[in-house]
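Listed below are the residues making up each chain.
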Amino acid sequence: MEILDNRLQDYLDAHTDPEPDALQKINRDTNLRVLKPHMLSGHYQGRVLSMLSKIMQPKLIVEIGTFTGYSAICLAEGLADEGILHTIEVNAEMAETIEKNIKSTNVEKKIRLHFGAAEAVIRDSDWKDIDILFIDADKQNNFTYFELLIDKVRSGGLIIIDNVLWKGKVYGDDKDTDTQKIRKLNEQISVDTRVEKVILPIRDGLLLIRKK
Ligand SMILES: C[S@@+](CC[C@H](N)C(=O)[O-])C[C@H]1O[C@@H](n2cnc3c(N)ncnc32)[C@H](O)[C@@H]1O
């Protein structure tokens, strides 16, 4: 089940900035050559991420779940002059594709790639005052990543968690493990007094969280 009907999505796509050429190519290549291409953020969500980043003008972005690099590139578009985006990917087989994709853009020098399980990479990091944190990896661990990094996000910083509507399953009767985990995450964040939050029905659901 898609959250938005196709006619509405087509209208949104048509009246949103077009996908930059390099991203259009990455999107096409991912769909042609990579397993599970639907994991890529895509045109509309990519422009939302880019817009949020441009509004925030971040110096430090951390992304969990690189895949083919699409969302990292979108978020990096808004970085301040000396800003850096760190992105973590567990699947080292993606290295060549991600590096090629990032090289094809003008944000190449601002992106640092880390291969490994996110939890270990985070524990090894010395990140602080994160302006934007984008969580888009193994959905069962969303809350773990949120808890590991919330104290490293600056006051006023933005945390974005993807897929929180889980194709509509979170508000249906589904009881599979992933659905229950995401339902629990949404409940935990909704009562967390450290943060302000709003769920946007974009693609598969984007949870925007602002640290107080
Ligand atoms: C939904 S995709 C990311 C899509 C990407 N953010 C985008 O929008 O284009 C999730 C990615 O997280 C990676 N991943 C899964 N578990 C992970 C973990 N424990 N640590 C780091 N990356 C992980 C997967 O290999 C996959 O490439």
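Residues numbered from 1 in each chain as written. Predicted model: local features only at pLDDT ≥ 70, side-chain atom pairs only at ≥ 80, totals over all residues. Heavy atoms only, no water.

## Observations concerning the site of the ligand
Formally: In this text, near means that some heavy atom of the residue lies within 4 Å of the molecule or strand in question. In protein, a polar contact means a hydrogen-donor-capable atom and an acceptor-capable atom, both N or O and within 3.5 Å, with residues adjacent in sequence counting only if both atoms are side-chain atoms; elsewhere, any N or O pair within 3.5 Å suffices. Every accessible area reported is derived by Shrake-Rupley at a probe size of 1.4 Å, with residue values counting cover from the shown protein chains alone. When residue character is reported, Ala, Val, Leu, Ile, Met, Phe, Trp, Tyr, Cys and Pro are called nonpolar, Asp, Glu, Lys and Arg charged, and the others, Gly included, polar.
Taken together, the neighbourhood of the ligand is formed by 20 residues, with Ser41, Gly65, Ser71, Glu89 and Asp136 sitting nearest. Residue Ser71 places a side-chain N or O atom 2.8 Å away from a nitrogen atom belonging to the ligand. Contact between the ligand and Asp138: a nitrogen atom at 3.4 Å from a side-chain N or O atom of the residue. Bound to the protein, the ligand loses 89% of the 610 Å² it would expose on its own. The class makeup of the residues in the shell around the ligand is 11 nonpolar, five polar and four charged.

## A word on the sheet that holds strand β7 (residues 206-211)
What counts is decided by this rule: Criterion used throughout: strands pair if DSSP finds at least two bridges between them. Strands here mean DSSP runs of E at least two residues long; helices mean DSSP runs of H or I at least four residues long; both are numbered from the N terminus. Every axis corresponds to a line fitted to the C-alpha atoms, with the helix fit spanning only the stretch in contact, and the corresponding angles, defined between N-to-C directions, vary from 0 to 180 degrees.
If you trace the seven strands from one edge of the open sheet to the other, you get β3-β2-β1-β4-β5-β7-β6, paired in mixed fashion. What marks the edges here is a single partner per strand, and that holds for β3 (111-115) and β6 (195-200). Pairwise comparison of adjacent strand axes, ignoring direction, gives a mean angle of 15° for this sheet. Of the pairings in the sheet, the one linking strand β5 (residues 153-162) to β7 comprises five bridges and is antiparallel in character. Looking across to β7, one finds that Ile161 is bridged to Leu207.

## Observations concerning the nonpolar core
Quick reminder of the rule: In this description, a nonpolar core means a group of buried Ala, Val, Leu, Ile, Met, Phe, Trp, Tyr and Cys residues linked to one another through side-chain atoms lying within 4.5 Å. Burial classes: relative accessible area under 20% of the type maximum marks a residue as buried, over 50% as exposed, and values in between as partly exposed (1.4 Å probe, protein chains only). Between two residues, a contact is recorded if the distance between any of their heavy atoms is within 4.5 Å.
Core analysis: the biggest nonpolar cluster contains 30 residues, and Ile73, Leu75, Leu85, Ile111 and Ile160 have the highest contact counts within it. Setting aside its immediate chain neighbours within four residues, Ile160 contacts Leu49, Leu52, Ile132, Leu133, Phe134, Ile135, Leu206, Leu207 and Leu208. If you look at the next biggest cluster of nonpolar residues, it comprises 28 residues, including Ile64, Ile88, Ala118 and Leu133.

## Examining unusual backbone geometry
If you check the backbone angles, Gln57 has positive phi at about 45° while not being a glycine. Mapped onto the elements of the fold, Gln57 is located in the loop between α3 (42-56) and β1 (60-64). By relative accessible area, which is 57% here, Gln57 ends up exposed. Unusually for a residue other than glycine, Arg203 sits at a positive phi of about 50°. Within the secondary structure layout, Arg203 lies in the loop between β6 and β7. Its relative accessible area of 24% is what places Arg203 among the partly exposed residues.

## Section: the environment of Ile98
Along the polypeptide, Ile98 turns up in helix α5 (residues 95-103). Classification of Ile98 by relative accessible area gives buried; the value is 0%. The sequence separation of Ile98 and Tyr171 amounts to 73 residues, and the corresponding C-alpha distance is 34 Å. Beyond its immediate sequence surroundings of up to four residues, Ile98 is in contact with Thr66, Phe67, Thr68, Glu89, Leu113 and Phe115.

## A short note on α5
Under the convention used in this document: This arc is taken over the directions from the axis of the helix to the C-beta atoms.
Along α5, the residues classified as buried are Ala95, Ile98, Asn101 and Ile102. Down the axis of α5, the buried set is contained in an arc of 140°. They therefore lie on one face. Exposed residues pointing more than 90 degrees away from the buried face of α5 are listed as Glu96 and Lys103. Contacts from the buried residues of α5 go to α2 (21-33), α4 (70-76), β2 (84-89) and β3.

## Re the pairing of β3
Rule in force here: By convention, orient the strands away from the viewer: a clockwise path from the first strand over the helix to the second makes the crossover right-handed.
As paired strands, β2 and β3 are joined by five bridges and run parallel to one another. Following the sheet pairing, Ile88 is matched in β3 by His114. Tracing the backbone out of β2, into α5 and back to the parallel element β3 gives a crossover that is right-handed.

## Quick look at the packing of helix α7 (residues 142-149) against helix α8 (residues 177-190)
Note the threshold: Angles are sorted into four bins: roughly parallel if under 35 degrees, roughly antiparallel if over 145, roughly perpendicular if 65 to 115, and oblique for all others.
Relative to each other, α7 and α8 sit at 30°, their axes nearing to 9 Å. Classified by the interaxial angle, the pair formed by α7 and α8 is roughly parallel. Where α7 approaches α8, its residues Asn142, Phe143 and Phe146 are matched on the opposing element by Leu185, Gln188 and Ile189. Here the contact of α7 with α8 is built from residues that sort into four nonpolar, two polar and no charged.

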